[in-house]
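This is what each chain is made of:
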Amino acid sequence: ARATAPAVAGTASQQARRQRILDAARDLLGERPYEQIQIRDVAEAADVALGTLYRYFRSKEQLFAHVLLDWSRSFESRVRRHQSPESRGDLRHRVLSALARPR
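Residues numbered from 1 in each chain as written. Predicted model: local features only at pLDDT ≥ 70, side-chain atom pairs only at ≥ 80, totals over all residues. Heavy atoms only, no water.

Asks: Honestly, the overall build of the protein in this entry has me stumped. Any pointers?
Replies: If you tally the helices and strands in the protein, you get five helices and zero strands. In the protein, the proportion of contacts linking residues at least 24 apart, taken out of those at least 6 apart, comes to 52%. Total accessible area on the protein is roughly 7000 Å²; 52% of this is exposed by carbon and sulfur atoms. (Helix = DSSP H or I, 4+ residues; strand = E, 2+ residues; numbered from the N terminus. Contact = heavy atoms within 4.5 Å. Areas by Shrake-Rupley, 256 points an atom, 1.4 Å probe, with all protein chains shown as cover.)

The following block contains the structure:
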């Protein structure tokens, strides 16, 4: 049997559902270690059926890889956004400022 490809989040509602799954997984990761998170916990927290979650992400590993990618994109934009005139040349200060602020 051939594995099916994950669903592409094409419509606005699909994109919102996918993001809700990513946000739920990230939030759970903030509460407990990766090893203690079950994919069923993520589906429940995102208010989606388990089968729906698997349509977007084939495995727990793939889901959390996307969580990391999503977080890194938001982190990069936070670093840019928190660039003040006095920290413009100080990457260390900008990174620490972005880490200290919530999303």
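Asks: What is the right way to look at the environment of Gln-14 in this model?
Replies: Considering the arrangement of structural elements, one finds Gln-14 in helix 1 (residues 12-31). Note: C-alpha distance between Gln-14 and Tyr-56 (42 residues apart in sequence) is 9.3 Å. From its side chain, Gln-14 meets the backbone nitrogen of Gly-10 in a polar contact 2.9 Å long. (Polar contact = N/O pair within 3.5 Å; in protein donor to acceptor, adjacent residues only side chain to side chain.)

Asks: It is not clear to me how unusual backbone geometry should be interpreted in this structure. Could you clarify?
Replies: Most peptide bonds adopt trans geometry, and most residues besides glycine take a negative phi value. Its identity is not glycine, yet Asp-47 carries a phi of approximately 60°, on the positive side. Judged by relative accessible area, which is 66%, Asp-47 ranks as exposed. (Buried < 20%, exposed > 50% of the residue type's maximum accessible area, 1.4 Å probe, protein only.)

Asks: Just checking my understanding: could you explain the pattern of salt bridges for this structure?
Replies: Once the charged atoms of two side chains with opposite charge are near each other, the side chains can pair. According to the stated counting rule, one finds three salt bridges in the structure shown. Close ionic contact of Arg-26 with Asp-23 constitutes a salt bridge, the shortest N to O distance being 3.1 Å. Pair noted here: Arg-26 and Asp-23 are both in helix 1, with a separation of three residues, about one helical turn. On the accessibility criterion, Asp-23 (22% relative accessible area) is partly exposed. Asp-27 is the partner of Arg-26 in a salt bridge, and the nearest nitrogen-oxygen pair spans 3.2 Å. Through salt bridges with shared partners, a single ionic network connects Asp-23, Arg-26 and Asp-27. (Salt bridge = Lys/Arg side-chain N within 4 Å of Asp/Glu carboxyl O.)

Asks: For this particular structure, what's the right way to read helix 2 (residues 39-46)?
Replies: The periodicity of an α-helix, 3.6 residues per turn, causes residues three or four positions apart to be oriented the same way. Those residues of helix 2 that sit buried are Ile-39, Val-42, Ala-43 and Ala-46. Down the axis, helix 2 shows its buried residues gathered within 100° of arc, on one side only. Residues Arg-40 and Glu-44 are exposed on helix 2 and point more than 90 degrees away from its buried face. (Arc of directions from axis to C-beta.)

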